[in-house]
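Inside the fold
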Amino acid sequence: MPNAKLKNYLHLHFLVFIAGFTAILGELISIGSTALVWYRMLIAGILMFLYIKMIKLKIKVSFKTKLKFFGAGIIIALHWITFFEAINQSNVSITLAMFSTGAFFASFIEPLIYKRKIIWYEILFGMIVICGVLLITQSEIKYLNGIILGISSALFSTLFAVINGKFIAEHRATVISYYEFISGVVFLSLFILIFQGGFSLDFFILKTSDWVYILILASICTAYAFIGSIDVMRYVSPYTVILTYNLEPLYGIALALLLFPETETMSTQFYYGAFLVLSTVLADGILKNYKSQKKRNTLTRKPNS
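Rules of the game
Here the residue numbers are simple positions, counted from 1 along each chain's written sequence. Reporting in this predicted model follows two pLDDT cut-offs: at least 70 for local features of residues, and 80 or more for side-chain atom pairs to be given and counted; totals over whole chains, interfaces and linings ignore these cut-offs and use all residues. The side-chain numbers reported here are obtained from all heavy atoms of the structure, hydrogens and water having been left aside. Under the DSSP-based scheme used, a helix requires at least four consecutive residues in state H or I and a strand at least two consecutive residues in state E, with every element numbered from the N terminus. Residues are treated as being in contact if the distance between any of their heavy atoms lies within 4.5 Å. Using the Shrake-Rupley algorithm and a 1.4 Å probe, accessible areas are obtained, with residue cover drawn only from the displayed protein chains. Charged-residue counts in this description rest on Lys and Arg as positive and Asp and Glu as negative, His and the chain ends being excluded. Taken as the charge centre is NZ of Lys, CZ of Arg, CG of Asp or CD of Glu, depending on the residue. To sort residues, take the accessible area from a 1.4 Å probe on protein chains only and compare it with the maximum for the residue type: under 20% means buried, over 50% means exposed, and anything in between is partly exposed. The term nonpolar core refers to a set of buried residues drawn from Ala, Val, Leu, Ile, Met, Phe, Trp, Tyr and Cys, joined through side-chain atoms within 4.5 Å. Aromatic pairs are defined between Phe, Tyr and Trp rings, using the six-membered ring for Trp, whenever the two ring centres lie within 6.5 Å; interplanar angles under 30 degrees are classed as stacked, those over 60 as edge-to-face, and all others as tilted. Note on geometry: a ring has a charge over it if NZ (lysine) or CZ (arginine) is within 6 Å of the ring centre and within 35 degrees of the ring normal. Here, expected helix span is obtained from the residue count minus one, scaled by 1.5 Å. For a residue, the bend is simply the angle between two axes, fitted respectively to the seven-residue segment ending there and the seven-residue segment starting there. Simply put, an axis is a line fit to the C-alpha atoms, just over the touching stretch for a helix, and the angle between two N-to-C directions goes from 0 to 180 degrees. Geometric relationships in this document are graded by angle, where less than 35 degrees denotes roughly parallel, more than 145 denotes roughly antiparallel, 65 to 115 denotes roughly perpendicular, and other angles denote oblique. Each crossing gets its hand from how the near helix is turned against the far one by less than a right angle, where anticlockwise is left-handed and clockwise is right-handed. Gly is placed with the polar residues, together with every amino acid not listed as nonpolar (Ala, Val, Leu, Ile, Met, Phe, Trp, Tyr, Cys and Pro) or charged (Asp, Glu, Lys and Arg). Patches draw on residues past 30% relative accessible area with no salt bridge. Two like charges within 9 Å are joined, as are two nonpolar side chains (Val, Leu, Ile, Met, Phe, Trp, Tyr) within 5 Å. The salt bridge criterion pairs a side-chain nitrogen of Lys or Arg with a carboxyl oxygen of Asp or Glu, the two atoms within 4 Å. Using a grid of 1 Å spacing that covers the protein atoms alone, one calls a set of points a cavity when a 1.4 Å probe fits there but cannot get out, and a pocket when the set is open and has protein on both sides within 12 Å along at least five of seven lines; lining residues are those with an atom within 4 Å of a point. Grid points are joined across faces, edges and corners, and a volume is the space filled by probe spheres set on the points.

Quick look at the overall build of the protein chain
The number of helices and strands found in the protein chain is 14 helices and 0 strands. Starting at the N terminus and ending at the C terminus, the protein chain contains elements arranged as α-α-α-α-α-α-α-α-α-α-α-α-α-α. Counting only C-alpha atoms, the protein chain reaches 80 × 55 × 40 Å along its principal axes. Taking the intrachain contacts of the protein chain between residues at least 6 apart in sequence as the baseline, contacts between residues at least 24 apart amount to 87%. If you sum the accessible surface of the protein chain, you get close to 16300 Å²; carbon and sulfur atoms cover 68% of it. Averaging the coordinates of the 25 positive side-chain charges in the protein chain and doing the same for the 14 negative ones gives two points 19 Å apart.

Following this line, the structure appears as structure tokens:
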């Protein structure tokens with residue numbers, strides 16, 4: 001049993017490492033962010049469809065539900081586009097530091113969608129996150145476009161996660177993901193046709209290295225990572241999964257420093273700001289777990305006989 005538990009913890013950290021490596025691939029792939037996300041969602045959607053066929057999963061849903069999935073697919077497409085464009089406009093470190101602000105957005109979006117009160121310490125943590133972002137912005141003002149895009153990506157990601165939280169109560173995660181990937185491809189195809197002059201021959205002629213990186217991104221970093229994260233939650237507590245995924249920016253920034261030291265070495269003030277943001281996100285997860293555990297213990301405690 002301990003070995004099985006350790007195996008799943010290691011698998012979880014591998015999945016988080018993969019998530020951090022996504023940003024590295026965004027730096028390595030030379031095509032534009034819209035085309036990159038189109039390829040990612042198309043290939044991941046095909047792989048997800050093959051997986052659905054392999055496990056013989058029924059994916060039929062109502063037209064109304066498909067429309068909801070379509071909306072979520074647009075949001076995840078916008079999240080990925082802004083994420084990769086932030087890397088193009090700045091670098092991996094800036095993008096991942098800004099992506100960590102998602103916890104701040106969640107403190108406001110979750111209460112709105114789930115109709116709960118805003119928790120006081122979430123406001124406090126949100127203010128600390130803002131201070132961290134201001135420190136980064138002041139020290140790296142030349143990357144302002146990347147900072148704005150990174151924050152936008154975090155907003156879209158949080159909105160997507162909260163909406164999916166409602167979907168998961170009624171539908172299988174694999175089915176949700178499949179429809180969202182396909183709807184994202186449809187949305188991006190229309191966008192390319194209307195605003196970017198359509199699909200030219202050059203759109204499909206990529207460098208060999210780009211094909212390799214895109215296939216890794218769509219298969220390992222998207223389809224496999226998604227299925228793996230679902231599987232690991234059967235053996236590891238949701239809190240551990242969420243808290244461990246908060247380490248994604250740390251893995252990504254460390255990888256970026258190792259692989260691209262010339263462009264990823266930042267000012268001291270940046271690291272102060274990034275530390276404020278990341279430590280606040282981790283503190284938020286730890287505090288919520290403590291309160292949740294305390295509540296569970298209160299509910300399960302037997303009265304004295």
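Some details on the environment of S33
Turning to its location among the elements, S33 is positioned in helix α2 (residues 33-55). For S33, a relative accessible area of 6% translates into the label buried. Each C-alpha atom of the pair S33 and I87 lies 9.4 Å from the other, and the pair is 54 residues apart in sequence. Other than its neighbours up to four places away in sequence, S33 contacts I81, F84, E85 and N88.

Let's talk about the nonpolar core
I31, M41, F84, I94, I136 and I214 are the most contacted members of the largest nonpolar core, which totals 75 residues. Those residues within four positions of I214 in sequence are excluded, and the remaining contacts are I29, I31, L36, Y39, I43 and L206.

Focus: unusual backbone geometry
Notably, K56 is not glycine yet its phi reads approximately 55 degrees, a positive angle. On the secondary structure map, K56 appears in the loop between α2 and α3 (63-89).

Thoughts on the packing of aromatic side chains
As enumerated under the stated definition, the model contains 22 aromatic pairs in all. Here F69 and Y179 contribute two aromatic rings whose centre-to-centre distance is 5.9 Å and whose plane-to-plane angle is 25 degrees, an arrangement assigned as stacked. Separated by 110 residues along the polypeptide, F69 in helix α3 and Y179 in helix α8 (residues 173-195) bring together distant segments of the chain. Taking relative accessible area as the criterion, F69 reaches 1% and is therefore assigned buried. For Y179, a relative accessible area of 15% translates into the label buried. Three or more aromatic residues link up through ring pairs in this structure, and these residues are W38, Y39, F199, F203, F204 and W211. Directly above the ring of W80 sits R40, whose terminal nitrogen or CZ lies 3.8 Å from the centroid.

Examining the side chain of T280
Tracing the backbone through its elements, the reader meets T280 in helix α14 (residues 268-300). According to the relative accessible area criterion, T280 is buried, its value standing at 6%. Each residue touching T280, except ones within four places of it in the same chain, is listed here: F125, I128 and V129.

Things to note about helix α5 (residues 102-114)
One turn of the α-helix equals 3.6 residues, which is why residues spaced by three or four share an orientation. For α5, spanning 13 residues, the distance from its first C-alpha to its last is 17 Å, which sits close to the expected 18 Å at 1.5 Å a residue. Within α5, the axis deviates most sharply at F108, by approximately 30 degrees, and proline P111 lies no more than four positions further along. What α5 keeps buried is the set G102, F104, F105, A106, S107, I109 and P111. Just downstream of α5 lies K115, where phi reads positive at about 55 degrees.

Here we look at the packing of helix α4 (residues 92-99) against helix α7 (residues 144-167)
Close contact between α4 and α7 brings their axes to 8 Å; oriented N to C, the two are set at 40 degrees. Compared by their axis directions, α4 and α7 come out oblique. Here α4 and α7 pass one another in a crossing that is right-handed. On α7, the residues touching I94, M98 and F99 of α4 are G146, I147, G150, I151, S153, A154 and S157. For the contact of α4 with α7, a count of residues per class yields 6 nonpolar, 4 polar and no charged.

Describing a nonpolar patch on the surface
Among the surface-exposed residues, I182, V186, L190, L193, I194 and F195 lie close enough to one another that they form a single nonpolar patch of about 580 Å² accessible area. Here L193 shows up in helix α8.

Side note on the packing of α5 against α7
Two elements in contact, α5 and α7, have axes separated by 9 Å at closest approach and are oriented at 35 degrees. Considering the relative orientation of α5 and α7, their crossing is right-handed. Contacts between α5 and α7 involve G102, F105, A106, I109, E110, I113 and Y114 from the first element and I151, A154, L155, T158, L159, V162, I163, G165 and K166 from the second. In terms of residue class, the contact of α5 with α7 is made up of 11 nonpolar, 3 polar and 2 charged.

A look at empty space enclosed by the protein
This model, assessed by the stated rule, comprises 1 cavity of 30 Å³ or more. For the largest cavity, the calculated volume is near 60 Å³. Surrounding the largest cavity, A103, F104, S107, E122, F125, G126, V129, T280, V281 and D284 form its lining. When contributions to the lining of the largest cavity are tallied by element, the ones reaching two or more residues are α5, α6 (120-139) and α14.

Looking at the side chain of S100
Within the secondary structure, S100 sits in the loop between α4 and α5. The buried category is assigned to S100, whose relative accessible area is 7%. When sequence neighbours within four positions are dropped, the list of residues in contact with S100 reads P249, V277, L278 and V281.

Note that all results are geometric; they support no functional claim without further evidence.
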